[in-house]
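# Notes for the structure review
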Amino acid sequence: MFYKRLTVFPHTLVCNNIVVNILRKMSNSEKFKVFISRSDMPESGVDILKKQCDLKVWDGPMPIPKADFLKSVQGVNGIYCCITDKIDKELLDAAGPELKVVATISVGYDHIDVKECKKRGIKIGYTPGVLTDATAELTLALLLCTSRRLPEATHEARTGGWVSWAPTWMTGPGLADATVGIVGFGRIGQAVAKRVKSFNTSQLLYFNRSERPEAKEIGASKVSFDELLSKSDFVICCAALAPETKEMFNRNAFKKMKNSAVFINTSRGGIVDQNALIEALQNGTIRAAGLDVTTPEPLPLDSPLFKLKNCVILPHIGSAAIQTRSNMSEMTANNILAGLNGTKLPAELD
């Protein structure tokens, strides 16, 4: 009745339009449309989006096939994705002009065509900072697991290889009095350095594009990439994947390392020439490697890396702490809502 009375009088036309707009916004059909590329995204973030958006969630086998992805994003306003989802020109074309924001539940964004998004005015959200501690913890765990040969020792204990205590059996290098080199000295690199320092290392070195003022307080010294490789007992890669870092750990890089060195990578698989790493491990060019990232992911079961006793491989679980993943999901959701409402994203890729 109220609506009919408003429309009877011409002088109330403006008020009538306002009411109609409000009614439209209140209608479920006018909610922002958001596609979520996985059904197992942490619920805390999904619940935030449910309050303001119509959600379409991929519930098939993971990850979503490209053909299904292209169909699913048609006409959406936002995309909630992860590192296994390729956000390229073809996908952006399929989504159409209504797409306002793409948010990934990751700190890495090499799966997103940043230039193409910017050209179309599509905002990009990611999750820096919230996974720093979890990834740094995992990096240290992988370093210790690799250097102290824990998987080998566990296998021997389970299969009868543990006959008695022996003075040189299952020995590996320790961190005390060692030189540790960290490639990439951003949030995660610095967090790793702080943790490594507590093991009474003799020297912390880092290689980064620019001088980091935080390094002085931590007690780390900036050196060239070659100097870091030649002096370090442990080389830890925390760098982002970019054109200038792609396969920076190649055959030449491994040759410059000590043959007693342990290499750890918790950044991106593409930073390493994997064939060169396999060769270095097989030939004794370096002592051992611990990898949370590989190329491709998942690593094929017939990969030579799985056959090497001096290589520890994890399935990309750097940020896999329960609360961390929940925080990442919430940040992703808030990035999407900000993008949809035309405001600055909490973590926006500039």
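As the structure is a computational prediction, the values presented were derived from the model and not from experiment.

To continue, consider the environment of methionine 257. With respect to the helices and strands, the residue methionine 257 is situated in the loop between helix 12 (251-256) and strand 10 (262-265). When the C-alpha atoms of methionine 257 and serine 230 are compared, they prove to be 4.9 Å apart, with 27 residues separating the residues in sequence. Aside from chain neighbours lying at most four places away, what touches methionine 257 is Leu229, Val235, Phe263, Thr285 and Ile286.

Turning to helix 13 (residues 274-283), a few remarks are in order. Those residues of helix 13 that sit buried are Gln274, Ala276, Leu277, Ile278, Ala280 and Leu281. In this structure, the buried residues of helix 13 make contact with helix 12, strand 10, strand 11 (288-291) and strand 12 (311-313). Glycine 284 sits one or two residues past helix 13 and shows a positive phi near 80°.

One open sheet holds the five strands; their spatial order is 2-1-3-4-5, and the pairing between them is parallel. The open sheet terminates on both sides in strands that have one partner only, identified here as strand 2 (53-57) and strand 5 (123-125). Going from strand to strand, the sheet's axes swing by 20° on average, the running direction of each strand aside. Here strand 4 (residues 101-104) pairs with strand 5 via three bridges, running parallel. Opposite alanine 103, over in strand 5, you have glycine 125 as the bridge partner. Helix 14 (residues 322-340) contacts strand 1 (32-36), strand 2, strand 3 (78-81), strand 4 and strand 5 of the sheet and is inclined by roughly 170° relative to strand 4.

Counting residues in each nonpolar core, the largest one holds 46 residues, and the members touching the most others are Leu49, Val180, Ile182, Phe185, Val192, Ile236 and Ile336. Element by element, the count of residues in this core is highest for helix 14, at six residues. Ignoring any residue separated from it by four or fewer positions in sequence, one finds valine 180 in contact with Leu175, Val196, Thr201, Gln203, Leu204, Leu205, Ser232, Phe234 and Ile236.

This brings us to the pairing of strand 11. Judged by which residues are buried, strand 11 turns out to be covered on both faces: Ala288 and Gly290 on one side and Ala289 and Leu291 on the other are all buried. In terms of strand pairing, strand 10 meets strand 11 through four bridges, oriented parallel. Looking at strand 11, one finds that valine 262 is bridged to alanine 288. Handedness of the crossover joining strand 10 and strand 11 through helix 13 is recorded here as right-handed.

On strand 10, burial covers both faces: Val262 and Ile264 on one face and Phe263 and Asn265 on the other are all buried. In this view, the connection linking strand 9 (residues 234-237) to its parallel neighbour strand 10 by way of helix 12 has right-handed handedness.

What follows deals with the packing of aromatic side chains. Counted under the stated rule, the structure contains eight aromatic pairs. Between phenylalanine 249 and phenylalanine 254, the aromatic rings sit 6.3 Å apart at their centres with planes inclined by 35°, giving tilted as the arrangement. Exposure class is identical for phenylalanine 249 and phenylalanine 254. Each is buried. Here the aromatic rings of phenylalanine 254 and phenylalanine 263 are separated by 5.6 Å at their centres, their planes lie at 80°, and the arrangement is edge-to-face. Per residue, the accessibility class of phenylalanine 254 equals that of phenylalanine 263, and both read buried.

Okay, the sheet that holds strand 6 (residues 179-183) next. With parallel pairing, the seven strands of this open sheet are ordered in space as 8-7-6-9-10-11-12. Where the open sheet ends on each side, the last strands, each with one partner, are strand 8 (220-222) and strand 12. Neighbouring strand axes in the sheet, compared pairwise and without regard to direction, differ in orientation by 15° on average. Where strand 9 meets strand 10, four bridges bridge the pair, whose relative direction is parallel. Across the sheet, residue cysteine 237 finds its bridge partner in strand 10, namely asparagine 265. Each of strand 9, strand 10, strand 11 and strand 12 is contacted by helix 7 (residues 132-147), which is oriented at about 150° to strand 10, the strand it contacts most. Along the sheet, helix 13 makes contact with strand 10, strand 11 and strand 12, crossing strand 11 at roughly 140°.

In this section: the packing of helix 3 (residues 43-50) against helix 14. Geometrically, a packed helix pair is captured by the angle between its two axes and the distance between the axes. The interhelical angle for the contact between helix 3 and helix 14, taken along N-to-C directions, is 25°, at an axis separation of 6 Å. Considered as vectors, helix 3 and helix 14 are oriented roughly parallel to each other. When the axes of helix 3 and helix 14 are compared, the crossing they make is right-handed. Residue-level inspection shows Ser44, Gly45, Val46, Ile48 and Leu49 of helix 3 in contact with helix 14, the latter providing Ser326, Ser329, Glu330, Ala333, Asn334, Ile336 and Leu337. The residue inventory of the contact of helix 3 with helix 14, partitioned by class, reads six nonpolar, five polar and one charged.

Thresholds, definitions, all that
Residues numbered from 1 in each chain as written. Predicted model: local features only at pLDDT ≥ 70, side-chain atom pairs only at ≥ 80, totals over all residues. Heavy atoms only, no water. Helix = DSSP H or I, 4+ residues; strand = E, 2+ residues; numbered from the N terminus. Contact = heavy atoms within 4.5 Å. Buried < 20%, exposed > 50% of the residue type's maximum accessible area, 1.4 Å probe, protein only. Pairing = 2+ DSSP bridges. Axes fitted to C-alpha atoms, helices over the stretch in contact; angles between N-to-C directions. Core = buried A, V, L, I, M, F, W, Y, C linked by side-chain atoms within 4.5 Å. Right-handed = clockwise from strand over helix to strand, strands pointing away. Phe/Tyr/Trp six-rings, centres within 6.5 Å; stacked < 30°, edge-to-face > 60°. Parallel < 35°, antiparallel > 145°, perpendicular 65-115°, else oblique. Left-handed = near helix turned anticlockwise from the far one by under 90°. Nonpolar A, V, L, I, M, F, W, Y, C, P; charged D, E, K, R; others polar.

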